[in-house]
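Spelled out, the chains give:
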Amino acid sequence: MNPTYEPNEIETAWYDRWEQAGVFRPEVNPYGEPFCVVIPPPNVTGQLHMGHALNHAIIDAIVRRKRMQGYAALWVPGTDHAGIATQNVVERELGAEGLSRHDLGREAFVEQVWEWKRRSGARITQQMRRLGSSCDWTRERFTMDDRLSTAVREVFVTLYEEGLVYRGDRIINWCPRCTTALAEIEVEYWDEDGELAHIAYPLTEGDGQVVVATTRAETMLGDTAVAVHPDDPRYAGLVGRTVTLPLVGRQIPIIADDHVDPDFGTGVVKVTPAHDPNDFAIGERHGLESVTIMDDHGFIIGDLFAGLDRFDARRAVKEALEAAGLLVSVEDHRHSVGHCYRCDTVVEPYLSLQWFVEVRPITDPAIDAVRNGESRFVPERWQNSYFHWMENLRDWCVSRQIWWGHRIPAWYCDQASEGCPAVHVSRTDLSACPTCGGPVTQDEDVLDTWFSSALWPFSVFGWPDTTPDLETFYPNGVMVTGFDIMYFWVARMMQMGIHFMGKAPYPDIVIHGLVRAGDGRKMSKSLGNAIDPLDVVDEYGADPLRLALLQAAAPGHDVSLDMEWVAGARRFGNKVWNAARFVLAGMDGTHAPPDGGYPGDVGPAEAWILHRLAEVTARFDTLCDGYRFSDAFGLLYNFMWAEVFDWYLEMAKVGLRSDATAASTRQTLGVVLRDVLKLLHPAMPHLTEELWGHLVGDGLIAASRWPDPPARPAPPGVETLQELIGKVRSFRSQHGVSPRVPIELLIHGPSGTIADWWHGQLDALANASVTPVADELGAGHTRLVAGPVHSFIALAGLIDIDAERDRLTRAVAEIDKVLGRAEAKLGNPGFLDKAPDDVVAKERAKVAELSERRASLQSQLNELG
């Protein structure tokens, strides 16, 4: 073994060996209970970011542990075709050659995208291997694989036949640059400085006017009403009258609607059904006309301001209103504005003919599944967010105006007439109208990317066919994902899984937070604070990154990633490495059994560590079963470092020196290291696999059995001995006594407290001998209290008492000066009133620390007599 832990030297070889051995396949445990996780499929265009690294670390910890527990554990990998994102990438490549997709035509462009996918699409899967993700790559899936495409078409057609898919004019999120509808998740909202324009709408008959406030003055060209709240007394007499739409001259009604907030602006709102989702709903309730005022590129159409970009039109409309004396005021207004997640273009609410899924019939069962406990959220608080989202869903726009994706299986009869439906939705491609035999044209649109990923928990297993994998692994065992896609992916998987499979897709939904920069800000390329996980792997190793993420990720909370955590995990790995070298040397060429086998008749030190191993393993399992991985690996980290390495390995040196105890000590060293490596394996698979080969000599830790050490009583006196050794070491540190200088402990305690085996441990770990005394000792001795034992150390001859007294006296005096100033500051009312709270708190903490330090020094002075 190398003298130091070098992650990059040991990590590169293990993944291929695991794959070749087939340990990631569920068939490795052919009789085990099935347990499956499907990966949240990353976009095929992407590369791993820290969010992926966290998600995959959690999933892999779950799956590796389940596999070792004997489950037929399966982690299904795969990628999402990411319609808009992938098309944009290929279009940019074409643009660099001076071409557009229209120059190639649809068929050639789609083949170009497939070629790009074949060339670049495997990048993220290679990165997953680099992190050690234990996926079964023989079952890798892509959302546009033939079998998954069959599932997509089956679902669309079935929903259409059930009346839950329809085509209609509704408000959608529209990107004028990408010229496509967007899903809600594809809209990113930023707070921006904008304006609130107050516009006067004159009453058509008589004098007077109403004033409305709007952030988008240009949309007034499409107003078909103004609305007030029905209970607003200011406008009760105006409801039913009409106003004249400024600039346009159209007469529009004043209506009353509960949606209006009487406290916003003037309490009067303009209603533009074709360019606002709330206005569209008002328009439907009151039978209003919908007037579209711009084309799909965001340019104004109609008689006024035609050809102007929407933002240029905003300025022109305000100038025209001002010239007409109808622009009352314009005030600054900061508000949330939606942008396309791919090109940052401001999204336009837009009335468009699209395909929709009616969500209510498939949403209610998905809500009930959580309410009745069929599926649960971890942490539980996320279920309230889930309920709120699901209960307020609008119908889902599933059509996209792009070429890459699952093309909508709808064909339009080119000569549709009476008795011949205009549209035919089919499971198979149509070449002619099924009714009249005439020519047909397939719908140009493709389905929303989230439509296919909503089927992921069952489509990856070959549905709609009844396959062995589908029968075995649906429902899945757990879903692990970030809260940012909980609504748009998890909720839709719940809807589709229950509707088509009759069961919720998973019993547990584990929600983790986002990985943020060390200062708490969101990581992003624009802020320049994004961290590439593979850069971290190159510097520190994959295992240290995995452990750092797992220790930092409390369920449901964001992770502010500090690279010092990763460096600390790397140091821990080195500690494990060196501890293993010591254990292997102590085992003198013998090997630990791979599974089971615990020593029976052992000494007190061995009995203590085996007792603690059983306690920690049981607690670790409880925490992992509750998905509290930060607590679980924090517990294991502290146990390994503080108890196994810092205590037991030192205590074992005494046992190894005696022929009577060497064999049991050697056996205990082997099984303790074996079991802690198994517990650590889900977080640090490469390191533990490397050490396993040296410790066991055969097989793979990844295919070994999970530890289950038997409970055993704790031997008496171990904690008291450890406390006493710690007190002796502290005494040496405080008084500058070298560890090489022997110390005599004059011990006074209850009969039988001091066991014979203590002598060897005190000598080895504290260079201290023991002499029992009948009475307590006074001045000239320092007292060390450990449990029921009182020990005394004679100071004469061990330290220079006069010099030590002078040193401590000066130290106390120096502290008194600083402490006096700090206490005076805290006694000053002016300081307490004016200083910030954090400054006052810092000063109080300083006083507490100084007071504690002074008490310690004074105690040492008192011991000197």
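Being a predicted model, the structure only gives us computed values, none of them experimental.

## Here we look at the pattern of salt bridges
One pass over the full model with this rule turns up 45 salt bridges. Put simply, E444 and R407 hold a salt bridge, and the shortest N to O gap is 3.6 Å. One end of the pair, E444, is in the loop between β20 (440-442) and β21 (446-447); the other, R407, is in the loop between β17 (399-400) and β18 (410-413), and 37 residues separate them in sequence. Of the charged contacts in the structure, one is a salt bridge between K678 and D595, with a shortest N-O distance of 2.6 Å. Here K678 is found in helix α21 (residues 662-680), whereas its partner D595 is found in the loop between α18 (563-587) and α19 (604-625), with 83 residues between them in sequence. According to the relative accessible area criterion, K678 is buried, its value standing at 1%. By relative accessible area, D595 is classed as partly exposed at 35%. In this structure, a network of salt bridges that share partners links the residues R25, E27, D136, R139 and D469.

## Focus on the packing of aromatic side chains
Counted under the stated rule, the structure contains 31 aromatic pairs. When the centroid spacing of 5.5 Å and the interplanar angle of 35 degrees are considered together, the rings of W174 and Y350 count as tilted. Linking W174 in strand β5 (residues 165-175) with Y350 in strand β14 (residues 348-357), this pair joins segments that are 176 residues apart in sequence. Of the two residues examined, W174 and Y350, each falls in the buried class. Arranged with centres 6.1 Å apart and planes meeting at 90 degrees, the rings of Y487 and F488 form a pair that is edge-to-face.

## Description of helix α24 (residues 757-766)
When we look at burial in α24, the residues that qualify are W758, Q761, L762, L765 and A766. In a view along the axis of α24, the buried residues occupy a sector of 100 degrees, so they form one face of it. N767 occupies a position one or two residues after α24 and carries a positive phi of about 50 degrees.

## Some details on the sheet that holds strand β11 (residues 251-256)
The strand order across the open sheet formed by four strands is β10-β11-β9-β12, and the pairing between neighbours is mixed. Either end of the sheet is taken by a strand with one partner, and the two such strands are β10 (242-244) and β12 (268-271). On average, each strand axis in the sheet is inclined to that of its neighbour by 30 degrees, with strand direction left out of account. Bridge analysis of strand β9 (residues 225-228) against β12 gives four bridges, and the strand direction is antiparallel. Its bridge partner lying in β12, A225 is registered against V271.

## Remarks on helix α16 (residues 533-540)
Within the sequence span of α16, burial applies to P533, L534, V536, V537 and Y540. Viewed end-on, α16 has its buried residues packed into an arc of 155 degrees, placing them on one side of the element. On its buried face, α16 is in contact with α1 (7-21), α2 (50-68), α6 (123-131), α17 (542-552) and α18. Capping of α16 at its N-terminal end is provided by D532; its side-chain oxygen lies 2.9 Å from the backbone amide nitrogen of L534. Looking at the residues trailing α16, positive phi occurs at G541, about 105 degrees.

## Overview of the packing of α21 against helix α22 (residues 685-695)
Two numbers describe how α21 lies on α22: the axes approach to 10 Å, and their chain directions differ by 155 degrees. In terms of orientation, α21 and α22 fall into the roughly antiparallel class. Considering only the axes of α21 and α22, their crossing is left-handed. Contacts from G670, L673, R674, L677, K678 and L680 of α21 reach α22 at T688, L691, W692 and L695.

Reading guide: rules and limits
- Residues numbered from 1 in each chain as written.
- Predicted model: local features only at pLDDT ≥ 70, side-chain atom pairs only at ≥ 80, totals over all residues.
- Heavy atoms only, no water.
- Salt bridge = Lys/Arg side-chain N within 4 Å of Asp/Glu carboxyl O.
- Helix = DSSP H or I, 4+ residues; strand = E, 2+ residues; numbered from the N terminus.
- Buried < 20%, exposed > 50% of the residue type's maximum accessible area, 1.4 Å probe, protein only.
- Phe/Tyr/Trp six-rings, centres within 6.5 Å; stacked < 30°, edge-to-face > 60°.
- Arc of directions from axis to C-beta.
- Pairing = 2+ DSSP bridges.
- Axes fitted to C-alpha atoms, helices over the stretch in contact; angles between N-to-C directions.
- Contact = heavy atoms within 4.5 Å.
- Polar contact = N/O pair within 3.5 Å; in protein donor to acceptor, adjacent residues only side chain to side chain.
- Parallel < 35°, antiparallel > 145°, perpendicular 65-115°, else oblique.
- Left-handed = near helix turned anticlockwise from the far one by under 90°.

Functional significance is not addressed by these values, which are geometric in nature.
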